[in-house]
Amino acid sequence: MEVTVKNLKRYYSERLVLDVDDLTMEKGKIIGIIGPNGSGKSTLLNIIAGLDEGYSGRVRYDEQPIDKEIYKEMTIVFQKPYLFRRKVYENIEYPLKIRGIKRAEIDERVEKIIERFEIEDLRDKKAHLLSGGESQKVSLARALIFEPKLLLLDEPTSNIDPESIKIMEREIVRFNEETGGTVIIVTHNMEQSDRLCDDIVYLEEGKVGH
Amino acid sequence: MDYIFEGFKEALKLLTTFNREIYGIVSLSLIVSTTATIIASLICIPIGIHFGIKNFRGKRAFSRILYTFMSIPSVIVGLMVAIILSRKGPFGRFDLLYTPKAMIIAQTLLVTPLILGLTYSLSKNRAKEIENIGITLGGSKKDIIILIIKELRLDLMVNVVTAFSRAISEVGAVMIVGGNIKYRTRVITTTISMMKSMGDYPTAIALGLVLLIISFAINSVIYSYSGED
Ligand SMILES: Nc1ncnc2c1ncn2[C@@H]1O[C@H](COP(=O)(O)OP(=O)(O)OP(=O)(O)O)[C@@H](O)[C@H]1O
Ligand SMILES: [Mg+2]
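Attention here is on the structure that accompanies the text. Owing to the predicted nature of the structure, the values given are computational and were not obtained by experimental measurement. (Residues numbered from 1 in each chain as written. Chains lettered and ligands numbered in written order. Predicted model: local features only at pLDDT ≥ 70, side-chain atom pairs only at ≥ 80, totals over all residues. Heavy atoms only, no water.)

Remarks on the environment of P113 of chain B
The topology assignment puts P113 of chain B in helix α5 (residues 100-136). Filtering out sequence-adjacent residues up to four positions away, P113 of chain B remains in contact with L66, F69 and M70 of chain B. (Helix = DSSP H or I, 4+ residues; strand = E, 2+ residues; numbered from the N terminus. Contact = heavy atoms within 4.5 Å.)

Structure below.
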């Protein structure tokens with residue numbers, strides 16, 4: 001899915017925290033968003049995710065305004081992940097369950113992603129008792145399981161050990177290559193953006209810089 | 001002082017000998033208050049969540065009105081229901097006044113604002129985050145309400161128990177619409193207040209003990225549930 005943003009402004013009280021004239025994020029690419037703390041990265045991602053409607057301007061998905069179908073085809077992994085108070089397995093299967101997919105297929109897909117993420121030891125644990133890094137992994141797996149057309153990631157590897165970062169990056173790239181899904185990833189890690197991204201957007205004080 | 005001790009002894013005897021009248025009274029109390037709480041919960045929990053996560057004009061005023069109704073005196077609810085159900089009232093032809101059904105209606109109305117308000121304030125604070133995850137994973141409105149109920153189940157259960165406690169311990173509404181008729185509409189609280197005025201302390205104490213045991217049992221269940229997590 002291609003995302004275009006035009007004349008986007010987001011105010012908090014009187015303060016302009018996001019001011020993007022024109023930005024296109026092409027279909028099938030991995031786009032990095034970088035910038036200092038408070039520069040508006042999470043704000044931009046939440047607006048694209050359709051969770052923040054307090055903005056002016058235009059956001060389009062393959063030239064369409066947001067609607068129910070688009071909500072079903074994109075997802076965001078938050079900076080602070082929230083997992084449901086149930087087992088890890090049940091967290092990951094949730095997006096497939098609400099889409100009415102058959103039990104056998106759900107099991108097959110969940111098993112596969114658990115194996116790819118190398119989190120077999122977590123599968124029957126209660127998700128709200130996981131560590132920060134474990135939660136981020138599960139949260140990414142839950143987002144990838146339904147193969148969205150647009151994947152928004154807000155610092156998905158900020159708490160993660162080097163070994164697990166490798167796994168997560170590998171899975172993000174695999175998702176992008178195998179399904180052609182667009183990925184927009186906020187990161188503070190320049191090496192990570194070099195490794196993963198086709199394009200980089202630099203934000204500073206709410207504006208796109210160079 | 002002796003009569004207190006005697007009262008307790010007599011009360012224990014009543015309970016351990018399974019006095020028919022006492023057990024009838026206790027089970028009617030349980031039936032009326034449980035039914036009322038269940039009906040009110042089924043209706044008010046989804047509605048409370050809906051308003052809790054929705055942004056609408058006048059949300060503040062809505063909260064204030066709701067919170068006021070949460071502590072509505074039970075005699076007022078009793079009076080309202082009695083007026084509606086009385087012979088000449090709009091529902092008079094159903095002949096419900098002074099029946100257990102009337103008591104269920106009154107207690108349902110009594111705990112409705114309580115469950116609605118508690119659910120509303122819980123979801124206003126906690127459900128937004130869950131809603132966002134639901135939206136983001138592709139859930140419909142219905143999926144999201146179900147998700148929120150499941151996520152907040154422990155807190156919701158505590159709210160339901162709070163409502164049940166209010167229902168089973170109130171006396172005003174059931175007295176007015178039930179009339180405290182022997183073997184028909186007599187419940188724990190109306191009996192206690194009658195026995196006390198008749199000077200029958202043992203029965204009053206026995207029923208008071210039962211009320212305490214019920215609260216204790218329910219709270220233990222809730223506590224063990226939340227402890228398990
Ligand atoms: N709900 C809010 N109310 C008021 N101000 C807010 C709110 N959310 C964000 N802001 C402000 O908007 C600005 C941008 O915040 P945002 O979270 O988008 O930054 P960020 O680039 O993601 O930062 P970080 O790198 O720390 O995650 C910040 O100055 C922040 O204080
Ligand atoms: Mg941020």
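So, the sheet that holds strand β9 (residues 207-209) of chain A
All names here are of chain A. Judged by pairing direction, the sheet is mixed, and its 6 strands sit side by side in the order β5-β6-β7-β3-β8-β9 without closing on themselves. The strands lining the two open edges of the sheet, one partner per strand, are β5 (74-77) and β9. The average angle at which neighbouring strand axes cross in this sheet is 25°, direction not considered. Bridge analysis of strand β3 (residues 30-34) against strand β8 (residues 199-204) gives 4 bridges, and the strand direction is parallel. From the neighbouring strand, I31 faces β8, where its bridge partner is D199. Running over the sheet, helix α1 (residues 41-48) touches β3, β5, β6 (150-154), β7 (182-186) and β8 and is turned about 155° from β6. Sheet contacts for helix α6 (residues 162-179): β3, β6 and β7; angle to β7, the most-contacted strand, approximately 150°. (Pairing = 2+ DSSP bridges. Axes fitted to C-alpha atoms, helices over the stretch in contact; angles between N-to-C directions.)

Considering the sheet that holds strand β4 (residues 55-61) of chain A
Residues and elements named next belong to chain A. Strand order in the open sheet formed by 3 strands is β2-β1-β4, with antiparallel pairing between adjacent strands. One side of each edge strand has no neighbouring strand; the edge strands of this open sheet are β2 (15-25) and β4. Taken pair by pair, the neighbouring strands of this sheet meet at an average axis angle of 10°, ignoring direction. Summarising the sheet, strand β1 (residues 3-12) and β4 pair through 6 bridges and their orientation is antiparallel. Paired with T4 across the strands is R60, a residue of β4.

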